[in-house]
Amino acid sequence: MKDCFTKLVNERQSCRNFNDKLLSEQTLLQIAKQAMLCPSACNSQPWKMYLVTSPEKVELTALALGSKSHNKFLANAKAFIVLADRVATLREGVKFDRNHFVKYDVGELIAYLTLTAKSMGVDSCIIGMVDQELIVKAVPLKEDEHCNIAIAFGYSDSPLRQKIRKSEKDAIEIV
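Presented here is a report on the structure given in the accompanying data block. (Residues numbered from 1 in each chain as written. Predicted model: local features only at pLDDT ≥ 70, side-chain atom pairs only at ≥ 80, totals over all residues. Heavy atoms only, no water.)

### Digging into the overall build of the protein
Helix and strand counts for the protein come out as six helices and four strands. Reading the protein from its N end, one meets helices and strands in the order α-α-β-α-β-α-β-α-β-α. Relative to the globule expectation of 16 Å for 175 residues, the C-alpha radius of gyration of the protein, 17 Å, shows essentially globular dimensions. Principal-axis analysis of the C-alpha atoms places the extent of the protein at approximately 50 × 50 × 30 Å. Long-range contacts, defined here as pairs at least 24 residues apart, represent 80% of the contacts in the protein between residues at least 6 apart. (Helix = DSSP H or I, 4+ residues; strand = E, 2+ residues; numbered from the N terminus. Rg over C-alpha atoms; globule rule 2.2 N^0.38 Å. Contact = heavy atoms within 4.5 Å.)

### Here's the deal with the packing of aromatic side chains
In this structure the tally under the stated criterion is zero aromatic pairs. In this arrangement the basic side chain of Lys-21 is found over the ring face of Tyr-155, its NZ or CZ atom lying 4.3 Å from the centre. (Phe/Tyr/Trp six-rings, centres within 6.5 Å; stacked < 30°, edge-to-face > 60°. Lys NZ or Arg CZ within 6 Å of the ring centre and 35° of its normal.)

### What to know about helix 2 (residues 25–35)
Of all the positions in helix 2, only Thr-27, Leu-28, Ile-31, Ala-32 and Ala-35 are classed as buried. Angular distribution of buried residues about the axis of helix 2 spans 135°; they occupy a single face of the element. Among the exposed residues of helix 2, those oriented more than 90 degrees off its buried face are Glu-25, Gln-26 and Lys-33. In this structure, the buried residues of helix 2 make contact with strand 1 (47–52), strand 2 (79–86), helix 4 (102–119) and strand 4 (145–154). (Buried < 20%, exposed > 50% of the residue type's maximum accessible area, 1.4 Å probe, protein only. Arc of directions from axis to C-beta.)

### Side note on the nonpolar core
Among the nonpolar cores identified, the biggest contains 24 residues, and Leu-65, Leu-74, Phe-80, Val-82, Ile-135, Val-139 and Leu-141 are the most heavily contacted of them. Broken down by secondary-structure element, the contributors of at least two residues to this core are strand 1, helix 3 (55–64), strand 2, strand 3 (123–127), helix 5 (132–138) and strand 4. Setting aside its immediate chain neighbours within four residues, Val-139 contacts Tyr-50, Val-52 and Val-82. Counting residues in each nonpolar core, the second largest holds 22 residues, with Ile-31, Ala-32, Val-122 and Ile-149 among its members. (Core = buried A, V, L, I, M, F, W, Y, C linked by side-chain atoms within 4.5 Å.)

### Description of unusual backbone geometry
Residue Cys-42 is not a glycine yet carries a positive backbone phi of 50°. As for its position among the elements, Cys-42 is in the loop between helix 2 and strand 1.

### Regarding the state of the cysteines
Enumeration over the complete set of coordinates arrives at zero disulfides. In this structure Cys-42 is not part of a disulfide, and its nearest cysteine sulfur, from Cys-38, lies 14 Å away. When its relative accessible area of 34% is taken as the criterion, Cys-42 is described as partly exposed. (Disulfide = S-S within 2.5 Å.)

### Comments concerning the pairing of strand 4
Most of strand 4 is tucked away, with eight of its ten residues classed as buried. Summarising the sheet, strand 2 and strand 4 pair through eight bridges and their orientation is antiparallel. Its bridge partner being in strand 4, Val-82 is matched across the sheet by Ala-150. (Pairing = 2+ DSSP bridges.)

### Details of helix 4
A rise of 1.5 Å per residue sets the reference length of helix 4, with its 18 residues, at 26 Å; its end C-alpha atoms lie 26 Å apart and thus fit the reference within 8%. When helix 4 is considered as a whole, its buried residues turn out to be Val-102, Asp-105, Val-106, Leu-109, Ile-110, Leu-113, Thr-114, Thr-116 and Ala-117. In this structure, the buried side of helix 4 is in contact with helix 2, strand 1, strand 2, strand 3 and strand 4. At the exit of helix 4 stands Gly-121, carrying a positive phi of roughly 85°. (Expected span 1.5 Å × (residues − 1).)

Take a look at the structure:
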């Protein structure tokens, strides 16, 4: 029998077929709060999560992420978490570039968000194409914040797809 984490990783997939079931604000908040436990460089936590749940803002966010063109399925998403990254504030005396780890830290947060959601039965899709002019109509980004990525959330009735991955030989090498 597979352990819980292995089962979770095997069942999490990008959802492009959200059904009509509503996602509560409380559920999205619970996902965000749990994901905040992820590590970041020097505990800098260089992000802000904007939880988008109102129908008007969900529609605007979907537009900013391409629901009228390349990501039409987003019109059925029930909520979004828009991730804003910002300059990392590290403790005094740290000698490396303060922004060096931001993209990795945000990536780790995304992994925690999507896996936490799946553990709660919520499906998700990571979207990396953001119209900067439109996204600010949906979320109040601050001057020092920038959005490169967002996550769509909802529920799907679609069956689990077979995961097609590179061969181990092409992806893993022990040295």
